[in-house]
Each structure stands twice: as structure tokens, then as C-alpha cells.
Amino acid sequence: DPGEGPAILAQASLLSVSPLSFAMADSNAPKLAVVRQILGRTGSRGGVIQVKVEFTSEDNPELKGRSLVRNVKGPVREGDILALLETEREARRLR
């Protein structure tokens with residue numbers, strides 16, 4: 001029967017999703033960090049604010065307590081929570 005072919009393929013594709021693929025998607029999830037200090041404005045017209053952020057523990061225990069200097073475009077104040085997609089790079093300090 002030609003109607004059974006697509007149903008079998010649909011079942012096979014549902015079974016081919018592994019738990020590992022979900023774990024890999026979770027590693028790309030944004031990491032939450034709290035703004036601890038405003039360091040100043042940067043950029044040619046002052047449109048970027050340089051802040052010191054500290055990672056929260058709830059999303060990644062290995063990043064807990066680690067702090068970075070990042071550049072933020074738009075309004076930000078101490079206590080705000082940022083969702084960072086990248087956690088390895090640190091912004092250059094203001095001169």
C-alpha cells in the first residue's frame with residue numbers, strides 16, 4: 001500500500017533523535033550574568049557601555065563566580081541580568 005511508506009519514515013525519524021543532540025543544544029544556551037559594575041562608555045560616539053559581569057550559578061556551575069568585562073549596546077544598569085551567548089571573550093579595557 002503506498003500510504004504506509006511515509007508513516008514508516010516518520011516513525012524512523014522520530015526514533016533517530018538521540019539524547020546527545022539535546023545536550024549539545026543545551027550547551028549553546030545563553031549563559032546568565034549579572035551586571036556588577038558600570039566601567040564607562042566607549043565607542044566612537046559613546047553608544048556602548050563597558051560593564052563587569054559575574055556569572056550566576058543556576059545555569060552553569062563551572063562558571064559560578066567568574067567575572068568578565070563586556071561591552072553592552074543599549075541601556076544597562078547595575079543588577080541587570082544579561083544573557084551571553086559567548087563566555088570566553090573579554091572586552092578590552094577603556095583607556
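Residues numbered from 1 in each chain as written. Predicted model: local features only at pLDDT ≥ 70, side-chain atom pairs only at ≥ 80, totals over all residues. Heavy atoms only, no water.

Points about the pattern of salt bridges
For the coordinates displayed, the defined rule picks out four salt bridges. A single network of salt bridges, built from pairs that share partners, joins Arg70, Glu86 and Arg89. (Salt bridge = Lys/Arg side-chain N within 4 Å of Asp/Glu carboxyl O.)

What about the sheet that holds strand 4 (residues 81-84)?
Whether parallel or antiparallel, the strands of a sheet pair through hydrogen bonds between backbone atoms. In spatial order, the strands read 3-2-1-4; together these four strands make up an open sheet with antiparallel pairing. Bordering the open sheet on either side are strand 3 (67-73) and strand 4, each of which pairs with just one other strand. When strand polarity is set aside, the average angle formed by the axes of neighbouring strands in this sheet is 50 degrees. Relative to strand 3, strand 2 (residues 48-55) runs antiparallel, the two sharing seven bridges. Residue pairing for strand 3: Ile49 is matched across the bridge by Val72. (Pairing = 2+ DSSP bridges. Helix = DSSP H or I, 4+ residues; strand = E, 2+ residues; numbered from the N terminus. Axes fitted to C-alpha atoms, helices over the stretch in contact; angles between N-to-C directions.)

Observations concerning the nonpolar core
Residues Ala33, Val35, Ile49, Val51, Val53, Phe55, Leu63, Leu68, Val72, Val76, Leu82 and Leu84 constitute the largest nonpolar core, which totals 12 residues. Of all the elements in the fold, those that place two or more residues in this core are strand 1 (31-42), strand 2, strand 3 and strand 4. Ranked by the residues each element gives to this core, the list is headed by strand 2, at four residues. The residues contacting Val72, other than those within four sequence positions of it, are Gly47, Val48, Ile49, Val51 and Leu82. (Core = buried A, V, L, I, M, F, W, Y, C linked by side-chain atoms within 4.5 Å. Buried < 20%, exposed > 50% of the residue type's maximum accessible area, 1.4 Å probe, protein only. Contact = heavy atoms within 4.5 Å.)

Quick notes on the pairing of strand 4
Side chains Leu82 and Leu84 of strand 4 all project onto a buried face; the interleaved residues Ile81 and Ala83 project onto a face where none is buried. Two elements, strand 1 and strand 4, share four bridges in a ladder whose sense is antiparallel. Note that in strand 4 the partner of Leu32 across the bridge is Ala83.

Let's talk about the environment of Thr42
If you trace the backbone, Thr42 turns up in strand 1. The sequence separation of Thr42 and Asn71 amounts to 29 residues, and the corresponding C-alpha distance is 8.3 Å. Discounting residues that sit within four places of it in the chain, Thr42 has contacts with Gly47, Val48, Asn71 and Leu94.

Structural notes on the confidence of the model for the protein
Across the protein, pLDDT averages 77, with 69% of residues at or above 70. Predicted confidence for residues 5-15 stays below pLDDT 50, and this span has zero contacts to residues more than four positions away or in other chains. Between residues 20-25, whose pLDDT stays under 50, and residues either more than four places distant or in other chains, the model counts one contact. (pLDDT = per-residue confidence, 0-100.)

As for the side chain of Thr87
With respect to the helices, strands and loops of the structure, Thr87 is situated in the segment after strand 4. Taking relative accessible area as the criterion, Thr87 reaches 11% and is therefore assigned buried. Ignoring any residue separated from it by four or fewer positions in sequence, one finds Thr87 in contact with Lys31, Phe55, Leu63, Arg66, Leu68 and Arg70.

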